[in-house]
Amino acid sequence: MDGNAAMDSIWRVVAAIPAGRVCTYGEVAKLAGLPRGARQVGRALGKAPASRQLPWYRVIAAGGRIALPKGSAGYRAQVSKLRAEGVVVSNGRVRLPDFQWSPDLDELIWGPP
DNA sequence: TAATTGACCGATC
DNA sequence: AGATCGGCCAATT
């Protein structure tokens, strides 16, 4: 058992990101109740077991940049998965104005599930 | 217990 | 546009 509320909240938020959309670490942290816990998000993702099926690749760094070092295995995997969902990744960055996910805005535009 | 580190962020140079 | 600095917070050494 994890017993870790922070990590659980983070995983819940990340799991709530719809396909074809992305969210920054800072944003995920804020939604999870950790206004300055961007680093915690990264740590939680790194520790997240695969059994969680967590869409970690939908979480990117501020400014739409890929958090992982360019050329790294994780980097390529993230870009590949994002592109597979229709997210345009150019030069290691995502166009945030077009793909950044906001829960409230999303519900307003697309309607709640 | 203190110091280091890290899938970060925002401002500044 | 790219590099650097300081700040934040938690886990690890």
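Look above for the structure.
Let me begin by describing the structure that accompanies this report.

Conventions used here
Residues numbered from 1 in each chain as written. Chains lettered and ligands numbered in written order. Predicted model: local features only at pLDDT ≥ 70, side-chain atom pairs only at ≥ 80, totals over all residues. Heavy atoms only, no water. Helix = DSSP H or I, 4+ residues; strand = E, 2+ residues; numbered from the N terminus. Areas by Shrake-Rupley, 256 points an atom, 1.4 Å probe, with all protein chains shown as cover. Near = heavy atom within 4 Å. Polar contact = N/O pair within 3.5 Å; in protein donor to acceptor, adjacent residues only side chain to side chain. Nonpolar A, V, L, I, M, F, W, Y, C, P; charged D, E, K, R; others polar. Buried < 20%, exposed > 50% of the residue type's maximum accessible area, 1.4 Å probe, protein only. Contact = heavy atoms within 4.5 Å. Phe/Tyr/Trp six-rings, centres within 6.5 Å; stacked < 30°, edge-to-face > 60°.

### Quick word on the overall build of chain A
Consideration 1: Of regular secondary structure, chain A possesses 6 helices and 4 strands.
Consideration 2: Along chain A, helices (α) and strands (β) appear in the sequence α-β-α-α-β-α-β-β-α-α when read from the amino end.
Consideration 3: Per element, the accessible surface of chain A, about 7,100 Å² overall, is 51% carbon and sulfur.

### Looking at the protein's contact with DNA strand C
Consideration 1: Taken together, N4, R36, R39, Q40, R43 and K47 make up all the residues around DNA strand C.
Consideration 2: The contact atoms of DNA strand C, taken as those within 4 Å of the protein, divide so that sugar and phosphate hold 65%.
Consideration 3: R39 is positioned such that a nitrogen or oxygen atom in its side chain is 3.3 Å from a base nitrogen of DNA strand C.
Consideration 4: The class makeup of the residues in the surface near DNA strand C is no nonpolar, 2 polar and 4 charged.

### Comments concerning the side chain of R58
Consideration 1: Its location among the elements puts R58 in the loop between α3 (38-47) and β2 (59-60).
Consideration 2: A relative accessible area of 10% places R58 in the buried class.
Consideration 3: Side chain to side chain, R58 and E85 meet in a polar contact 2.7 Å long.
Consideration 4: Setting aside its immediate chain neighbours within four residues, R58 contacts I17, P18, A19, R21, V22, C23, L82 and E85.

### Considering the environment of F99
Consideration 1: Its place among the elements puts F99 in helix α5 (residues 96-99).
Consideration 2: In this structure, the C-alpha to C-alpha distance between F99 and G86, residues 13 residues apart in sequence, is 9.7 Å.
Consideration 3: Once residues within four sequence positions are removed from consideration, F99 is found in contact with G20, R21, V22, G86, V87, V88 and V94.

### Quick word on the packing of aromatic side chains
Any two aromatic rings considered together are summarised by their centre-to-centre distance and by the angle between their planes.
Consideration 1: Under the criterion given, the structure shown has 1 aromatic pair.
Consideration 2: Ring geometry for W56 against Y57: centres 6.0 Å apart, planes inclined by 80°, an arrangement best described as edge-to-face.

### Overview of the protein's contact with DNA strand B
Consideration 1: By nearness alone, 13 residues border DNA strand B, and Y25, R39, R43, W56 and A62 come closest of all.
Consideration 2: Protein-adjacent atoms of DNA strand B, using a 4 Å cutoff, are sugar or phosphate at a proportion of 41%.
Consideration 3: Contact between DNA strand B and Y25: a base nitrogen at 3.2 Å from a side-chain N or O atom of the residue.
Consideration 4: Within the side chain of R43, one N or O atom sits 3.2 Å away from a base nitrogen of DNA strand B.
Consideration 5: If you list the elements that add at least two residues to the surface near DNA strand B, you get α2 (25-31) and α3.
Consideration 6: It is α3 that provides the largest number of residues to the surface near DNA strand B, a total of 6 residues.
Consideration 7: Among the residues making up the surface near DNA strand B, the classes are represented as 8 nonpolar, 3 polar and 2 charged.

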